[in-house]
Amino acid sequence: MLWEIMVLMLVCTIITLGVKIILKNKLATYEAAAMTAARPQETEEQLIIASEIEETGENAVDLLKKYNDHFEEMDMLYDQTSGMEQDEAHVDAYKKIAGLWDRELKSLGDDISRGMMENEKKMYFDSENTFLVSRNHECMKAVGHDKVSVIEKIDYLDRYIKLTREHCMDLVKDYSSYLAS
């Protein structure tokens, strides 16, 4: 009798695991289809990246306008994303926005340093390294210690995006003479 109960429980466990795997795969397929249909920010992200690629031959006067336009586009993308439900899709959207801001920061640094003398470049890149370290510390303060839930990831990425955005805006303001020359 005991063996029959154990075999019955084993069969039930195997059936439950099989159903769970099938349902998980169906849910993943459904979510993937829903995300591609309902996430217009991906299209906007692709447009932002495409506009960066198209503008490689711009003259120096257009650099200020280019960065201001990109900042506005990414701000709109951020505003759309910030209203999302706090789940893994929100984390993924914030990661994409953070990646766009990082790409913009790198591009901005390249354009600024292009017109600098060697000693100015060294000072500039030293200050950028200091910013990167302090940004990480500030983001960790927003999260706390040893937290890895979805909400903490969102808090970290939100702080990361805001600090990078502020820094990019400051760079455009402080180094506009290098961008316009």
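Residues numbered from 1 in each chain as written. Predicted model: local features only at pLDDT ≥ 70, side-chain atom pairs only at ≥ 80, totals over all residues. Heavy atoms only, no water.

**As for the overall build of the chain**
Part 1 of the argument: Secondary structure assignment for the chain yields seven helices and zero strands.
Part 2 of the argument: Walking the chain from its N terminus toward its C terminus, one meets helices and strands in the order α-α-α-α-α-α-α.
Part 3 of the argument: Looking at the chain as a whole, 29% of its 181 residues are labelled buried.
Part 4 of the argument: Looking at the chain alone, contacts between residues at least 24 apart form 76% of all its contacts between residues at least 6 apart. (Helix = DSSP H or I, 4+ residues; strand = E, 2+ residues; numbered from the N terminus. Buried < 20%, exposed > 50% of the residue type's maximum accessible area, 1.4 Å probe, protein only. Contact = heavy atoms within 4.5 Å.)

**Quick look at helix H6 (residues 150–174)**
Part 1 of the argument: With 25 residues, H6 ought to run about 36 Å at 1.5 Å a step, and its terminal C-alpha atoms sit 36 Å apart, in line with that.
Part 2 of the argument: Every buried residue of H6 is listed here: Glu152, Ile154, Leu157, Asp158, Tyr160, Ile161, Leu163, Thr164, His167, Cys168, Leu171 and Val172. (Expected span 1.5 Å × (residues − 1).)

**What to know about the nonpolar core**
Part 1 of the argument: Membership of the largest hydrophobic core comes to 28 residues, with the highest contact counts inside it found for Phe71 and Leu108.
Part 2 of the argument: Sorting the residues of this core by element identifies helix H3 (61–82), helix H4 (88–114), helix H5 (118–143) and H6 as the ones contributing at least two each.
Part 3 of the argument: With nine residues, H4 is the single largest residue contributor to this core.
Part 4 of the argument: For phenylalanine 71, the contacting residues outside a window of four places in its chain are Trp101, Glu104, Leu108, Cys168, Met169 and Val172. (Core = buried A, V, L, I, M, F, W, Y, C linked by side-chain atoms within 4.5 Å.)

**As for the environment of alanine 142**
Part 1 of the argument: Mapped onto the fold, alanine 142 is located in helix H5.
Part 2 of the argument: Using a relative accessible area of 36% as the deciding quantity, one classes alanine 142 as partly exposed.
Part 3 of the argument: Sequence-wise, alanine 142 and aspartate 158 are 16 residues apart; in three dimensions their C-alpha atoms are separated by 9.2 Å.
Part 4 of the argument: With residues up to four places along the chain from it excluded, the contact list for alanine 142 reads Asp155 and Arg159.

**What to know about the packing of aromatic side chains**
Part 1 of the argument: Under the defined criterion, the tally for this structure stands at six aromatic pairs.
Part 2 of the argument: Relative to tyrosine 94, the ring of tyrosine 78 has its centre 5.6 Å away and its plane inclined at 15°; by these criteria the two rings are stacked. Placement of the pair is tyrosine 78 in helix H3 and tyrosine 94 in helix H4, with a sequence separation of 16 residues. (Phe/Tyr/Trp six-rings, centres within 6.5 Å; stacked < 30°, edge-to-face > 60°.)

**Looking at the pattern of salt bridges**
Part 1 of the argument: On inspection of all chains with the given rule, the structure shows eleven salt bridges.
Part 2 of the argument: The partner of lysine 65 in a salt bridge is aspartate 69, and the shortest N-O contact between them spans 2.9 Å. Of this pair, lysine 65 and aspartate 69 both sit in helix H3, four residues apart, roughly one helical turn.
Part 3 of the argument: Linking arginine 114 and aspartate 111 is a salt bridge whose minimum nitrogen-to-oxygen distance equals 2.9 Å. On the criterion of helical spacing, the pair formed by arginine 114 and aspartate 111 is a turn pair, its members being three residues apart in helix H4.
Part 4 of the argument: Through salt bridges that share partners, Lys66, Asp111 and Arg114 make up one connected network. (Salt bridge = Lys/Arg side-chain N within 4 Å of Asp/Glu carboxyl O.)

**Observations concerning the confidence of the model for the chain**
Part 1 of the argument: Of all residues in the chain, 80% have pLDDT values of 70 or greater, and the mean over the chain is 80.
Part 2 of the argument: Mean pLDDT across the secondary structure elements of the chain bottoms out at helix H2 (residues 40–54), with 49, and peaks at H4, with 89.
Part 3 of the argument: A low-confidence stretch, residues 50–58 (pLDDT under 50), is modelled with nine contacts involving residues beyond four sequence positions or located in other chains. (pLDDT = per-residue confidence, 0-100.)

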